[in-house]
Amino acid sequence: MGDAALIQALQRIVGEQHVLHAPADLAAYAVDATPLLRSLPTVVVFPGSRDEVKAILELASEKRIPVIPRGAASNLSGGTIAIEGGIMLNMNRMNRIIEVDAANLTATVQPGVTTAQLAREVEARGLFYPPDPGSQVISTIGGNVAENAGGLRGLKYGVTRDYVMGLEAVLPNGAILRTGGKNAKDVAGYDLTRLLVGSEGTLAVITEITVKLLPKPETKRAALAIFDRLEDAGRAVARIIENKIIPCTLEIMDKGTIKAVEEFAHVGLPTDAAAVLFIEQDGPRAVVDADIELAGRLCREEGARDVKVAATVEEGTKLAEARRFALPALARLRPTCVLEDATVPRSHLAEMIRFIEATAKKYNLLICTFGHAGDGNLHPTCPCDERDHEELERVEKAFAEIFDKAVSLGGTITGEHGVGIAKQDYLEWKIGEAGVAVSKGIKAVFDPLGILNPGKVLPKATRKRLVVRQG
Ligand SMILES: Cc1cc2nc3c(=O)[nH]c(=O)nc-3n(C[C@H](O)[C@H](O)[C@H](O)COP(=O)(O)OP(=O)(O)OC[C@H]3O[C@@H](n4cnc5c(N)ncnc54)[C@H](O)[C@@H]3O)c2cc1C
């Protein structure tokens, strides 16, 4: 099918105004939030309903055209790059909150609803949707489900997977699949809901999502612990959890990140510190006060030079915002910013951070580390310049060593950003040969023609481990 005929066929399905094909428009859809990756789609289409998605997929199947589902394109693993061209299926028009069901503690939404929009809507009714990726103002629930997104509250509340109860999705051949629902207990058959969560747009297009809600916590309180030694901050994280406090947020920023955030946002962070921990607890007031006080004491015992407790909820929110500035602040330093997602069991946090520092030195790179310390989910981030090929080679080698180390510590190549294109060559390090074979089998069942988000997640090749370890 020629491009002109494809555009006309799509215009017939969604209306002319919901199809983009001018070169300047296509260029805007050639990238996502991942650096170094670009590829033009053939056409961008904005369906307004499940049935339009169905019609588009039926057309794409018949004509063997790649389809790339897309939310806000804020993913950091190349998940929405149209590497084989094709139809960019932009889900943003499907942005209705269909229902908030207070009796069943659920919300049912279309995939284009933003994370922040859902959070605001349910909070207004005294309810709570915990997953809160740093990108929540722009990211969509569809993208969150497809990436199994985490966020700053993952330690206490888990990730998107823990809240998805049911899905409606359209398979590549146009068939409609419904999984799960509002039942708190439902064990009928294979868990297709969980299979679709984290499937990165490669198995089906999600058109409706039912999530679990919680009662809104009574209050929250935040503190900032300032450390002169990174190891002390790592030990403080372990001590807090050993002492049976599970803060809703326990984030770390290293020296480089603190400096970049302070220069960017002027929030009063100590630029001479080796690390800061941002600690937040929510729940009943008495529990929150006791937890924040004990967490502060433990940080001091582990060597924190100061612990600043926010006087009000608003002051705490400001501190949380500082952490959310980490990526935009680091992205300003050089033309390119490679943000990674290595994750280790939290008991290995300090060792992993030390390894990242040593690797940065070895390859003469600036790698700043921040992330969800309580989850062991670190984001080593390297401001660099993609025009400097020699530097990029060093970046690539450094991150291969960082992933290798994370896996050898019982960790993983990605804690929340997904595999996409960026990590596919490392996938086998984590899930093994059998894991890759089963994953390819699952893909073939859902998408026998290979039209849905082709070239993502599944490895074409596998990189050699730097050091082969057993066990
Ligand atoms: C500043 C910043 C901070 C971030 N912080 C976090 C964080 O704390 N935690 C975290 O987990 N991530 C974080 N991210 C990464 C990103 O925001 C998440 O992966 C998010 O879930 C992507 O949502 P999106 O709507 O942008 O999806 P997109 O990037 O558009 O798509 C992501 C994937 O989902 C697929 N997809 C999208 N919609 C659908 C659908 N309806 N059906 C099927 N597949 C679909 C796409 O094909 C793609 O594979 C951050 C990113 C930025 C830029």
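What counts, and at which threshold
Residues numbered from 1 in each chain as written. Predicted model: local features only at pLDDT ≥ 70, side-chain atom pairs only at ≥ 80, totals over all residues. Heavy atoms only, no water. Pairing = 2+ DSSP bridges. Helix = DSSP H or I, 4+ residues; strand = E, 2+ residues; numbered from the N terminus. Contact = heavy atoms within 4.5 Å. Axes fitted to C-alpha atoms, helices over the stretch in contact; angles between N-to-C directions. Core = buried A, V, L, I, M, F, W, Y, C linked by side-chain atoms within 4.5 Å. Buried < 20%, exposed > 50% of the residue type's maximum accessible area, 1.4 Å probe, protein only. Salt bridge = Lys/Arg side-chain N within 4 Å of Asp/Glu carboxyl O. Phe/Tyr/Trp six-rings, centres within 6.5 Å; stacked < 30°, edge-to-face > 60°. Lys NZ or Arg CZ within 6 Å of the ring centre and 35° of its normal. 1 Å grid on protein atoms, 1.4 Å probe; cavity = no way out; pocket = protein on both sides within 12 Å on 5 of 7 lines; lining within 4 Å. Points joined across faces, edges and corners; volume = space filled by probe spheres on them. Nonpolar A, V, L, I, M, F, W, Y, C, P; charged D, E, K, R; others polar.

Draft legend 1. Summary view of the sheet that holds strand E1 (residues 19-20). Across the sheet, which stays open at both edges, the four strands sit in the order E1-E2-E4-E3 with mixed pairing between neighbours. Two strands in the sheet have a free side with no partner beyond their single neighbour: E1 and strand E3 (67-70). Sheet topology note: the E3/strand E4 (residues 87-90) ladder contains four bridges and is parallel. Each bridged residue has a counterpart across the sheet, and for isoleucine 68 the counterpart in E4 is methionine 88. This element, helix H3 (residues 50-63), spans strand E2 (43-45), E3 and E4 of the sheet and lies at about 165° to E4.

Draft legend 2. Region of the structure containing the nonpolar core. Of all hydrophobic cores here, the largest spans 51 residues; its most connected members are Leu277, Ile279, Cys299 and Met352. Contacts of methionine 352, omitting those with residues within four sequence positions, involve Ala342, Val344, Leu378, Ile402, Lys405, Ala406 and Leu409.

Draft legend 3. Layout of the sheet that holds strand E6 (residues 106-109). With respect to topology, five strands assemble into an open sheet ordered E5-E6-E10-E8-E9, the strand pairing being antiparallel. Across the chains shown, the open sheet's two edge strands, defined by having one partner strand only, are strand E5 (97-101) and strand E9 (176-180). Across the sheet, the axes of successive neighbouring strands diverge by a mean angle of 10°, strand direction being ignored. Here strand E8 (residues 164-170) runs beside E9; their pairing, made up of five bridges, is antiparallel. Looking at E9, one finds that glutamate 168 is bridged to arginine 178. In the packing of H3 onto the sheet, the strands contacted are E8, E9 and strand E10 (205-212), and the crossing angle to E8 comes to about 50°.

Draft legend 4. The arrangement of the pattern of salt bridges in detail. Summed over the entire model, instances satisfying the criterion amount to 36 salt bridges. Between arginine 93 and glutamate 52 there is a salt bridge, and its shortest N-O distance comes to 4.0 Å. Remark: glutamate 52 occurs in helix H3 and arginine 93 occurs in the loop between E4 and E5; sequence separation between them is 41 residues. Of the residues examined, arginine 93 reaches a relative accessible area of 33% and is grouped as partly exposed. Its salt-bridge partner being lysine 423, residue glutamate 340 comes within 2.9 Å of it at the nearest N-O pair. Residue glutamate 340 is located in the loop between strand E16 (336-339) and helix H13 (349-362), and its partner lysine 423 is located in the loop between helix H14 (389-408) and helix H15 (427-446); the two are separated by 83 residues in the primary sequence. For the residue pair glutamate 340 and lysine 423, the accessibility class agrees, reading buried in each case. One network of salt bridges, with partners in common, ties together Arg229, Asp232, Arg235, Arg239, Glu301 and Glu302.

Draft legend 5. Summary view of the packing of aromatic side chains. Under the defined criterion, the tally for this structure stands at seven aromatic pairs. A ring pair is formed by tyrosine 29 and phenylalanine 46, whose centres lie 6.3 Å apart and whose planes are at 85°; its orientation type is edge-to-face. A residue pair is termed long-range when its members are at least 10 positions apart, and tyrosine 29 in the loop between helix H2 (23-28) and E2 and phenylalanine 46 in the loop between E2 and H3 qualify at 17 residues. In terms of burial, tyrosine 29 and phenylalanine 46 fall into one category: buried. Aromatic ring contacts, followed pair by pair, group Phe399, Phe403, Tyr426 and Trp429 into a single cluster. Lysine 212 extends its terminal NZ or CZ atom over the ring of tyrosine 163, reaching a point 5.3 Å from the ring centre.

Draft legend 6. Helix H9 (residues 255-265), seen in detail. Among the residues making up H9, those that are buried are Thr257, Ile258, Ala260, Val261, Glu262 and Ala265. Where the residues of H9 are buried, they touch strand E13 (249-254), strand E14 (275-283), helix H11 (313-324), helix H12 (326-331) and strand E17 (368-372). At the C-terminal side of H9, histidine 266 shows a positive phi close to 45°.

Draft legend 7. Region of the structure containing the layout of surface pockets. Its boundaries defined by the atoms lining it, the second largest pocket holds a volume of some 820 Å³. Lining the second largest pocket are 30 residues; nearest its centre among them are Val197, Gly198, Ser199, Glu200 and Val419. Mapped onto the lining of the second largest pocket, the elements with two or more residues apiece are helix H7 (192-196) and H15. Here the lining of the second largest pocket takes seven residues from H15, the largest share from any one element. Split into classes, the residues belonging to the lining of the second largest pocket amount to 11 nonpolar, 11 polar and eight charged.

Read these as geometric descriptors, not functional statements.
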